[in-house]
Amino acid sequence: MHHHHHHDTASERIGWAFFLNLCFTVIEFIGGVLTNSTAILADAVHDLGDSISIGMAWLLDKFSRKDATNTFTYGYRRLSLVGAFINAVILTAGSIWILFEAIPRLWNPVMPMAEGMALLAVFGVIVNGYAAFKLSKGQSLNERVLNWHLLEDVLGWLAVLVVSIVLLFVDWPILDPLLSIAFTLFILVNVIRHLGSTIKLFVQASPDPEIYQQIHKKLVALDLVDNAHHLHFWSLDGERHVLTAHIVVSKELTSTERAVLKEKISEQLAEFELAHTTIELEYPDEACRDH
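These numbers come from a predicted model, not from an experiment.

Thresholds applied
Residues numbered from 1 in each chain as written. Predicted model: local features only at pLDDT ≥ 70, side-chain atom pairs only at ≥ 80, totals over all residues. Heavy atoms only, no water. Salt bridge = Lys/Arg side-chain N within 4 Å of Asp/Glu carboxyl O. Helix = DSSP H or I, 4+ residues; strand = E, 2+ residues; numbered from the N terminus. Buried < 20%, exposed > 50% of the residue type's maximum accessible area, 1.4 Å probe, protein only. Expected span 1.5 Å × (residues − 1). Contact = heavy atoms within 4.5 Å. Axes fitted to C-alpha atoms, helices over the stretch in contact; angles between N-to-C directions. Parallel < 35°, antiparallel > 145°, perpendicular 65-115°, else oblique. Core = buried A, V, L, I, M, F, W, Y, C linked by side-chain atoms within 4.5 Å. Pairing = 2+ DSSP bridges.

K.L.:
Would you mind showing me how to read the pattern of salt bridges here?
P.N.:
Should their charged atoms come close, side chains of opposite charge can pair. Following the criterion strictly, the structure yields 5 salt bridges and no others. In this structure, Asp176 and Arg105 form a salt bridge, with 3.9 Å as the shortest nitrogen-oxygen distance. Here Asp176, found in helix α6 (residues 175-202), pairs with Arg105, found in helix α3 (residues 79-107); they are 71 residues apart in sequence, far enough to count as distant. Residue Asp176 shares its accessibility class with Arg105, and that shared class is buried. For Asp237, the salt bridge is made with Arg240, and the minimal N-O distance between the two is 3.1 Å. By relative accessible area, Asp237 is classed as buried at 11%.

Below you can see the structure in the form of structure tokens.
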């Protein structure tokens, strides 16, 4: 029961962070338009992406407690990949929009309303700081990842704050588009990196070729094992991995030998903490069913 309670608080913390972030993103877009600042609009896009990923994480946190069904036989973990993919598409579109807004301003910079920028930036540091503080209590991977997002936002807002303070004293309007382009490139680099790993998981690439090699080595090294083939190693969501393998034994086994071998296989695989494993034993002269 205690475990379930932890989950609820994780869910509550993520829910809090989501609502804070979403409301704040809306304020930001309006603020960016009113203050005429592309830097604030760029940060709004960044925050929108964070809101979506926090929202997705929150939904998944609820979903992931459901049991597998006849349709979703592995449960709902892979939905996080769909979330990551949607998020990447939205962030990419938003970033391209910001670049279209910001790049022309490098040639004829427009002075943004520095006072409004500074006010929004202070507000941004407080809201994101509070959300990050709420999530920092969390233990789950989801919360840790989201916490990084929020800390990035706090740093982004500090940058906006510094620029707006400079603009209060000197007439350098070009700082605004420069900052927004810097933000946007930062977002795009992250998106491309995440998108790469998401697509790898989508096409069921091995999450770690080295681990794949290790598993193969360990299985083949066992007594009574000749070789292992049809070894498939992939991941549901980057955290929970799945393994299937055909293991060819060196002779006909007695029921005791069989039990011992299965026990040994379990021991060898334990360190990899696999979420699902399917192991098939094949006799030396048996034709492989999947050949």
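K.L.:
Even after reading the chapter, I still don't get α3, so can you show me in this structure?
P.N.:
Since one α-helical turn is 3.6 residues long, residues separated by three or four positions face the same way. With 29 residues, α3 should reach 42 Å at 1.5 Å per residue; the first-to-last C-alpha distance of 44 Å fits that figure. Elements in contact with the buried residues of α3: α2 (38-63) and α6.

K.L.:
How should I be thinking about the packing of α2 against α3 in this particular structure?
P.N.:
Packed helix pairs are specified by the crossing angle of their axes together with the interaxial distance, meaning the distance between the axes. Direction vectors running N to C along α2 and α3 enclose 175°, while the axes themselves pass 9 Å from each other. Classed by the angle they form, the pair α2 and α3 counts as roughly antiparallel.

K.L.:
Please explain the nonpolar core as it appears in this structure.
P.N.:
For soluble globular proteins, nonpolar side chains are generally found buried alongside one another. Counting residues in each nonpolar core, the largest one holds 24 residues, and the members touching the most others are Ile40, Met117, Trp157, Val160 and Leu179. For this core, the secondary structure elements donating two or more residues are α2, α3, α4 (114-135), α5 (141-169) and α6. Examining the composition of this core, we find that 6 residues originate from one element, α4, more than from any other. Look past the residues within four positions of Met117 in its chain and what remains in contact with it is Thr35, Ser37, Ile40, Pro112, Val160, Val163, Ser164, Leu167 and Asp176. One finds Leu219, Leu231, Phe233 and Ile247 within the second-largest nonpolar core, a separate group that totals 18 residues.

K.L.:
Would you take a moment to explain the sheet that holds strand β2 (residues 241-249) for this structure?
P.N.:
Strand pairing within a sheet occurs via backbone hydrogen bonds; the two strands may be parallel or antiparallel. Read from one edge of the open sheet, 3 strands run β1-β2-β3, paired in mixed fashion. A single partner strand is all that each edge strand has here, and the edge strands are β1 (225-235) and β3 (276-282). Geometrically, the sheet is characterised by an average inter-axis angle of 10° between neighbouring strands, direction not taken into account. As paired strands, β1 and β2 are joined by 8 bridges and run antiparallel to one another. Within β2, the position partnered with Phe233 by the bridge is Leu243.

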